[in-house]
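Chain residues, written in single-letter form:
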Amino acid sequence: MESFSLILAIVVVTALAFDFTNGFHDTANAMATTISTGALKPKVAVAMSAVLNLVGAFLSVEVANTISKGLVDETGIRPEVIFAALVGAILWNLLTWLVGLPSSSSHALMGGLIGAAVASAGIGAVHGDVLVTKVLLPAIAAPIVAGVAAMLASRMTYSLGRKADGKAAAKGYRAGQIASAGLVSLAHGTNDAQKTMGIITLALVAGGSLAPDSDPPVWVILSAGLAIALGTYLGGWRIIRTMGKGLTDLQPQQGFAAQTSAATVILASSHLGFSLSTTHSVSGAVMGAGLGRKGGVVRWSTATRMFVAWGLTLPAAALVAALAEWVCRLGDWGTALVALFLVASSFAIWRISRREVVDHTNVVDVDTDPVAGAPGQPEPAGVVTTAMAAVSPPPAGVTEDLTATVAAPAEPSGPSDPQASKAASSAATTV
Amino acid sequence: MSIDWAALGSVFGVSLVVTVALVGLFTLGIVGLSRQEQAAARGGSAALAVTGAYACFAACAAAVAYGIYLIVA
């Protein structure tokens, strides 16, 4: 830890920020069905998920090691490249959160790494076949597998459980949902918190302050676990609303079938060596459960927007990361500029999100008007246009915010809000 | 490019069978418990249904334990 350079510190802070966005982006995976069916109170649900994520982070360092050892060629990676990758991933995560669409944080991170690597080492740095087998195919397979399983399971639970009603049944479905949601949370903690640990370890190795092939240090494990737990606890209420209410209307039976299917698919896939994204599995399971009830409907407009977002995740994150890497290479001031841009645009996204607040108080009482099935969001083109806006050079509004933030980087504008204080703290670190 | 169809196929098969089996078992357990509830309301009891229900729940708990084992291992 002696040679802990400034750029390394920036990378670590950015990686933790990504972990944080990952946490609140993916709370929905574990808890959306539980919250929308009323099995758990929103706050209780996210607290439970946060604790299990934290526990999961400590269970093993297997995933972290596959990232930091061997997946990427350690010799060619500079901390700046990792930083650029994280910038792309964070911005995409925040943007999809703003429009309330579930999308894979892992794909965002992968896209970021690919974009930064291409900008740094040329197009040859990407293996096309790996892209297809590791990204494209799983993204198509996950929702189908989880969806079919959830559909059959909810059909069956409805036909078998016809005679079951009353208190015992309600209690039973509640317990079942909580158990399977807990499993998903735990699996998420072991997977996603460790991705960040792997990234930080990779950066430390690349920056020369850690010997190659070492396990993540304890402070890395601890801070990554805490960051993802904090993010999970704050809850991506917008995404929870889409997943729990926007895609379809879930009854306890369906919630149970969906969450069980998702947990099974996630565990089976990672165990059998064909990793499927948690987000994709859960979304597919929710839709399958929606189709599995007589008279159940899936709001395909919302689903289509979600699919579009999935398709855009990788290229969008890659493009932002490539731009970031390109600017970073202009010199230290370039890196500083990218860091400021990240802070400013995160702040801007947060500001926009405050126009229509979604939190634990109103996450379930959305008007289930099928036309406005996309909760509180504008026209279907929203995803694409916002994505375009994100990848194009900073719009005027953001630049204004940027200057405002530059003028007073540590201004105590919003310590009351965790995200703003996060932004403020990272601004303080970068300046 | 080699796509591991075998792995994908087994993920599909295992997920399908396990999900349906688990949800089915759990539903049977719930049916058993609610039968007991109805019997109790009439003043009787349904010992067989309750025993069956707990057997179902135990099987589900075992599956969850195996899931946790897979996460930890």
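Rules of the game
- Residues numbered from 1 in each chain as written.
- Chains lettered and ligands numbered in written order.
- Predicted model: local features only at pLDDT ≥ 70, side-chain atom pairs only at ≥ 80, totals over all residues.
- Helix = DSSP H or I, 4+ residues; strand = E, 2+ residues; numbered from the N terminus.
- Rg over C-alpha atoms; globule rule 2.2 N^0.38 Å.
- Buried ≥ 20, exposed ≤ 12 C-beta atoms within 10 Å, placed from the backbone.
- Expected span 1.5 Å × (residues − 1).
- Bend = angle between axes of the 7 residues up to and from the residue.
- Contact = placed C-beta atoms within 7 Å.
- Nonpolar A, V, L, I, M, F, W, Y, C, P; charged D, E, K, R; others polar.
- pLDDT = per-residue confidence, 0-100.
- Axes fitted to C-alpha atoms, helices over the stretch in contact; angles between N-to-C directions.
- Parallel < 35°, antiparallel > 145°, perpendicular 65-115°, else oblique.
- Left-handed = near helix turned anticlockwise from the far one by under 90°.

1. Overview of the overall build of chain B
For step 1, the next point in the chain: Helices and strands together make up the secondary structure of chain B, namely 2 helices and 0 strands.
For step 2, the next point in the chain: Relative to the globule expectation of 11 Å for 73 residues, the C-alpha radius of gyration of chain B, 18 Å, shows a markedly less compact shape.
For step 3, the next point in the chain: In terms of overall dimensions, chain B has a C-alpha envelope of 65 × 25 × 15 Å along the principal axes.
For step 4, the next point in the chain: With 73 residues in all, chain B has 38% of them scored as buried.

2. Considering helix 1 (residues 6-36) of chain A
Residues and elements named next belong to chain A.
For step 1, the next point in the chain: With 31 residues, helix 1 extends 44 Å from end C-alpha to end C-alpha; this agrees with the ideal 45 Å at 1.5 Å per step.
For step 2, the next point in the chain: Maximal helix bending in helix 1 amounts to about 55°, located at Ala30.
For step 3, the next point in the chain: Taken across its 31 residues, helix 1 has 28 buried, putting it largely inside the fold.

3. Describing the interface of chain B and chain A
For step 1, the next point in the chain: With 32 residues of chain B at the contact, the number on the chain A side is 45 residues.
For step 2, the next point in the chain: Tallying contributions element by element places helix 1 (residues 5-41) of chain B first for the side of chain B that touches chain A, with 23 residues.
For step 3, the next point in the chain: In terms of residue class, the side of chain B that touches chain A is made up of 22 nonpolar, 8 polar and 2 charged.

4. Some details on the confidence of the model for chain B
For step 1, the next point in the chain: Model confidence for chain B is summarised by a mean pLDDT of 84, while 97% of its residues fall at 70 or above.
For step 2, the next point in the chain: Listed scores for the predicted complex are pTM 0.77 and ipTM 0.88.

5. Things to note about the confidence of the model for chain A
For step 1, the next point in the chain: Residues of chain A with pLDDT of at least 70 account for 78%, and the chain-wide mean is 77.
For step 2, the next point in the chain: Contacts of residues 367-431 of chain A to residues separated by more than four positions or lying in other chains number 92 contacts, the stretch itself having pLDDT below 50.

6. As for helix 9 (residues 237-246) of chain A
Residues and elements named next belong to chain A.
For step 1, the next point in the chain: With respect to burial, helix 9 is a largely interior element, 10 of its 10 residues being buried.
For step 2, the next point in the chain: Those residues of helix 9 lying buried are Trp237, Arg238, Ile239, Ile240, Arg241, Thr242, Met243, Gly244, Lys245 and Gly246.
For step 3, the next point in the chain: On its buried face, helix 9 sits against helix 1, helix 4 (79-98), helix 11 (278-292) and helix 12 (300-328).

7. A look at the environment of A:Val363
Residues and elements named next belong to chain A.
For step 1, the next point in the chain: As for its placement among the helices and strands, Val363 is situated in the loop between helix 13 (332-353) and helix 14 (382-391).
For step 2, the next point in the chain: Spatially, the C-alpha atoms of Val363 and Ala32 are 9.6 Å apart, while their sequence positions differ by 331 residues.
For step 3, the next point in the chain: Ignoring any residue separated from it by four or fewer positions in sequence, one finds Val363 in contact with Ile35, Pro42, Trp237, Ile240, Arg241 and Val358.

8. Some points on the packing of helix 5 (residues 105-121) of chain A against helix 12 of chain A
Helix packing geometry: the angle between the two helix axes and the distance between the axes.
All names here are of chain A.
For step 1, the next point in the chain: Packing of helix 5 against helix 12 brings their axes to within 7 Å, and their N-to-C directions diverge by 40°. When the axes of helix 5 and helix 12 are compared, the pair comes out oblique. Seen along the crossing, helix 5 lies across helix 12 with a hand that is right-handed. In this structure, helix 5 contributes His107, Ala108, Met110, Gly111, Gly112, Ile114, Gly115, Ala116, Val118, Ala119 and Ser120 to the contact, and helix 12 contributes Thr313, Leu314, Pro315, Ala316, Ala317, Ala318, Leu319, Val320, Ala321, Ala322, Glu325 and Trp326.
For step 2, the next point in the chain: Looking at the contact of helix 5 with helix 12 residue by residue, the class counts come to 16 nonpolar, 6 polar and 1 charged.

9. Describing the packing of helix 7 (residues 166-206) of chain A against helix 10 (residues 252-271) of chain A
Residue and element names in this part refer to chain A.
For step 1, the next point in the chain: Following both chains from N to C, one finds helix 7 and helix 10 inclined at 30°, their axes separated by 9 Å at the closest point. Accordingly, the angle class assigned to the pair helix 7 and helix 10 is roughly parallel. Taken as a pair, helix 7 and helix 10 cross one another with a handedness that is left-handed. Side by side, helix 7 and helix 10 meet where Ala170, Tyr173, Arg174, Gly176, Gln177, Ser180, Ala181, Leu183, Val184 and Ala187 of the first sit next to Pro252, Gln253, Gly255, Phe256, Gln259, Thr260, Ala262, Ala263, Ile266 and Leu267 of the second.
For step 2, the next point in the chain: Each residue belonging to the contact of helix 7 with helix 10 can be placed in one class, and the counts come to 12 nonpolar, 7 polar and 1 charged.

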